[in-house]
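# Structure at a glance
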Protein chains: 2
Amino acid sequence: MSLTPVLEKIDTDLDAAMERLMTFLRIPSISTDPAYKAEVDSAADWLVADLQSIGIPAEKRPTTGHPMVTGQIGTDLPDGTPHVLFYGHYDVQPVDPLDLWDTPPFEPQIQDTPNGKVIRGRGASDDKGQLMTFVEACRAWAAVHGSLPCRITFFFEGEEESGSPSLVPFLKDHADELKADLALVCDTSMVSRGVPSISSQLRGMLKDEFTITGPTIDLHSGHYGGPGLNPLRELSKIVASFYDEETGKVAVEGFYDGVHEVPESQLRQWENCGFDEAEYLGGVGYTKAHGEKGYSALEQQWARPTLEVNGLWGGYNGAGSKTVIPSKAHCKITCRLVGDMDPATLRSNIRKHVEDRLSVDAKVTWDNDLDGARAFTMNVERPEFEKARSALSDEWEREAVFAGMGGSIPVVGYFKTILDLDSMLVGFANEDDAIHSPNEKYDVKSFHKGIRSWARILDALSSK
Amino acid sequence: MSLTPVLEKIDTDLDAAMERLMTFLRIPSISTDPAYKAEVDSAADWLVADLQSIGIPAEKRPTTGHPMVTGQIGTDLPDGTPHVLFYGHYDVQPVDPLDLWDTPPFEPQIQDTPNGKVIRGRGASDDKGQLMTFVEACRAWAAVHGSLPCRITFFFEGEEESGSPSLVPFLKDHADELKADLALVCDTSMVSRGVPSISSQLRGMLKDEFTITGPTIDLHSGHYGGPGLNPLRELSKIVASFYDEETGKVAVEGFYDGVHEVPESQLRQWENCGFDEAEYLGGVGYTKAHGEKGYSALEQQWARPTLEVNGLWGGYNGAGSKTVIPSKAHCKITCRLVGDMDPATLRSNIRKHVEDRLSVDAKVTWDNDLDGARAFTMNVERPEFEKARSALSDEWEREAVFAGMGGSIPVVGYFKTILDLDSMLVGFANEDDAIHSPNEKYDVKSFHKGIRSWARILDALSSK
């Protein structure tokens, strides 16, 4: 089957593909907020119908949370045809703070920018736009040739932005159905604008949350200011103690257990991967990298662990002032893990750090419902990786790179441990896509060339 | 005019007085929230009508904010009759967090507690219940004798809980009308349950608020965790740096300029004033005083300055987790001032402390609409103070004390500077009244004996 007419079909069909994506983006499928349960369900229905329109017998599969969408095509292809599983997620992040959006998050728009046209709206990049690059590539193959070059299992979840509570049970219950040769995932970025990238490693994740209680009730700061222990001061002291300001390192004992230095050879490869440090930092207002001293921004992002405060609150936050010593102060943290760091050990080290530093009369309580996942390294020695790298290089007219990644995609670990399935991560997002932020967007170039990239990768994987 | 029948009238009229207070408490006169503007106005109307029912020609006086209530009685009394100005405020604090109230804040109730009956509801203590002790004392005098023993100017404001923006202009515009021999204020606590107290000094107040900005937009902690400066970490570092953990002192340079040590003689007097440190600390869950080392809880509260964080927030505070490095972190602070500390100098010292410690790429902005007031010491050598102390001792059957106070009542400073008027602060609140907090209450004993106390004080002031 020839690739050329498939690429031509993708080019002529681009406007229609954009329209389909815009329709998908109009569904506010915020998975973390129960108020949007029906909309998440609608997004699953839309995806099922769209896959069916290509000739893929897709289904919505119930879970105790939001549904999965699955489908399989190419079961009639000859023995020996490669079998890939494509994973994506159709749910999106919440949109707050809404007042920072320049256009309504669920009324997607095509806009001109200095870097070309973009599709603006929640989910445009993460992950509706990205997952549709693969679906549109399949549509073009099916339209031109009546079939696909590979056997493909589609697997979409609606809980990626809310901790994926149904994922592991579903994988375990349907392991036989989901087995394939290789998983393809489109939920990552390019290392720099225009540099096609295959992610070779992911950081792991640990989430935790704690509350410090000082007095049993909120107090008047006139009556108790001085003698009274203030949990906001206590929390600040503890958060500050997480870090060594001299070295930029995390000061929790045992934090770096299992962290390995990046080999010189890999460092040199990264240095030449096209990462634009000045744009990466300057684009969001930084003049330098603020992490561990002695490591480049790239290493800090891809190969070093973090302890990050994601939320911190207590006391009065309305207009004017309130002379209160609050009873409670709250803190949400996440860590990014690398190498062999163990989430459970890390959690107990962090909790011990906090508990050891509490003043008399301060108490701490922990949220015990938050999960963790180890870091993960891809098996880039598999032949499919070189085939994909070559296909990407052809499409983007520059050498594709194996790059690290700062983010965490726990599903990749579950594919390995539950399905014994390696993953290949190819994504077309840019650092300025503002995912998880107001004014999220996806470059039209990413969308268009992303579709073409997947068409080429499917072709390359099917070749001997 | 005899005091005895006045006290008897107060006793027999107590239930009716409680009913009047409950009606007053049902008006949600939250001054800081514009949504309650009409209710604040209603509270002023209620107060005018109540004063008129005693025969006091009271009026509601417009300002650019909430109205003042004024009235004068006794202008026909002989020359040489003492003339007092009574001050109180009819506005109340907001009620959040509402879910911590056991009963609706504006549906006041009489409840039994281990310390006797209490009136539960927002404003029961601060300041509706306290101001009504004086009004009810006047009602009893007028009912029994047809007149009052002193000439009295009533002066009530409705903006005390929202920074009193109209107070200074009103005092300046009506200085002649408001002149008197001495101001009486009922907005303070007893040093300990059952110990009648005249406040001899007040701490001053400085309010400030700042926002630290890191990245220009909220960032994904996978993409920027490591290299990215997090304003929540920055804020924690700066708040922690406000304090010297070894000494418990505030570590801002120049913070203690103008602070004087309390003379030994006064310390000894305070030690014997009946302050119950164990109840004060233990009642809210503290086992020790957490302020400056080497100072008692009483000194820390009354005679030492503080820098207190009243609110701190940034990032995500909803359910679950959000992997965000927020763009901004916010902090509200207030200081309590003593001695000759100058609010303006202190403000610039604190701002310099913050600005000197900011990391590269972190910016700070300040709220410039927040005020400050110096500490204030009462003129306890005036003969009225001894007369009042004696009257209070008679009523409470134990020696009344001159006590310090941790709170701030800026009006006392304005009375002095604008009207050249000394103030005497007598209040009947208890430390466990939960003012500014959920479940505010006022002891029925405070209300009843408070009314009787004012009846006695008016009698004492009018005697030669």
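All values reported here derive from a predicted model rather than from experimental measurement.

### Quick look at helix α1 (residues 4-12) of chain B
Residues and elements named next belong to chain B. Among all positions of α1, only V6, L7 and I10 are buried. Here the buried residues of α1 occupy an arc of 100° about the axis, which is enough to place them on one side. Where α1 is buried, its residues meet α2 (14-25), α4 (128-145) and α15 (444-462).

### Quick look at the interface of chain A and chain B
In this complex, chain A contributes 78 residues to the contact, which on the side of chain B involves 79 residues. Regarding the contact of chain A and chain B, the summed buried area is about 7,200 Å², with carbon and sulfur atoms giving 51% of it. Summed over the three residues of chain A that lose the most area to chain B, namely H223, P227 and R233 of chain A, the buried surface amounts to 10% of that side. Counting across the chain A and chain B interface gives 44 residue pairs in polar contact (both at pLDDT 80 or more). Per-element accounting of the side of chain A that touches chain B gives the leading share, nine residues, to strand β12 (residues 306-315) of chain A. Bridge analysis of β12 of chain A against strand β12 (residues 306-315) of chain B gives five bridges, and the strand direction is antiparallel. Pairing of L312 of chain A across the sheet is with G314 of chain B, part of β12 of chain B.

### Here we look at the relation of the copies chain A and chain B
For the pair chain A and chain B, the relating rotation is 180°, the translation along its axis is 0.0 Å, and the fit reaches an RMSD of 0.1 Å. Given the turn and translation reported, the copies of this chain are related as if by a two-fold rotation axis. Most of the interface of chain A is mirrored in chain B: 100% of its interface residues are interface residues there too.

### Remarks on the packing of aromatic side chains
With the rule as written, the count across this model stands at 44 aromatic pairs over all chains. Taking the centre distance of 5.9 Å and the plane angle of 80° together, the rings of Y87 of chain A and F415 of chain A count as edge-to-face. With Y87 of chain A in strand β3 (residues 83-89) and F415 of chain A in helix α14 (residues 410-419), the pair connects residues that are 328 residues apart, well separated along the chain. F415 of chain A carries the same exposure label as Y87 of chain A, and that label is buried. Ring plane angle 10° and centroid distance 6.1 Å describe the contact between W396 of chain A and F428 of chain A, whose orientation is recorded as stacked. Residue W396 of chain A is found in helix α13 (residues 383-396), and its partner F428 of chain A is found in the loop between β19 (423-426) and β20 (441-443); the two are separated by 32 residues along the sequence. A network of ring pairs unites the aromatic residues F86, F134, F154, F156, W396, F428 and W454 of chain A as a single cluster. Its guanidinium or amino end placed over the ring of F24 of chain A, K128 of chain A lies 5.0 Å from that ring's centre, counting from NZ or CZ. In this structure, R233 of chain B packs its charged tip against the face of Y243 of chain A, placed 3.8 Å from the ring centre.

### Digging into the sheet that holds strand β4 (residues 109-113) of chain A
Residue and element names in this part refer to chain A. Overall, antiparallel pairing links the three strands, which are arranged β4-β5-β20 in an open sheet. Across the chains shown, the open sheet's two edge strands, defined by having one partner strand only, are β4 and β20. The mean angle between the axes of side-by-side strands here comes to 35°, regardless of whether they run parallel or antiparallel. In the sheet, β4 pairs with strand β5 (residues 116-120) via five bridges, with the strands oriented antiparallel. Paired with Q111 across the strands is V118, a residue of β5. Where helix α15 (residues 444-462) meets the sheet, it contacts β5 and β20, and its direction lies at approximately 55° from that of β20.

### As for the pairing of strand β3 (residues 83-89) of chain B
Here is the key point about a regular strand: its side chains alternate between the two faces of the sheet. Residue and element names in this part refer to chain B. Burial within β3 is extensive, with seven of its seven residues counted as buried. Neither face of β3 is left uncovered, since the one carrying H83, L85, Y87 and H89 and the one carrying V84, F86 and G88 both have all their residues buried. Here β3 pairs with strand β6 (residues 151-157) via seven bridges, running parallel. In the strand pairing of β6, F86 is matched with F154. The sheet contact formed by β3 and strand β7 (residues 182-185) spans four bridges and is parallel. Residue pairing for β7: Y87 is matched across the bridge by V185.

Rules and cut-offs
Residues numbered from 1 in each chain as written. Chains lettered and ligands numbered in written order. Predicted model: local features only at pLDDT ≥ 70, side-chain atom pairs only at ≥ 80, totals over all residues. Heavy atoms only, no water. Buried < 20%, exposed > 50% of the residue type's maximum accessible area, 1.4 Å probe, protein only. Helix = DSSP H or I, 4+ residues; strand = E, 2+ residues; numbered from the N terminus. Arc of directions from axis to C-beta. Contact = heavy atoms within 4.5 Å. Buried area = accessible area lost by both parts, 1.4 Å probe. Polar contact = N/O pair within 3.5 Å; in protein donor to acceptor, adjacent residues only side chain to side chain. Pairing = 2+ DSSP bridges. Least-squares fit on C-alpha atoms with pLDDT ≥ 70 in both. Phe/Tyr/Trp six-rings, centres within 6.5 Å; stacked < 30°, edge-to-face > 60°. Lys NZ or Arg CZ within 6 Å of the ring centre and 35° of its normal. Axes fitted to C-alpha atoms, helices over the stretch in contact; angles between N-to-C directions.

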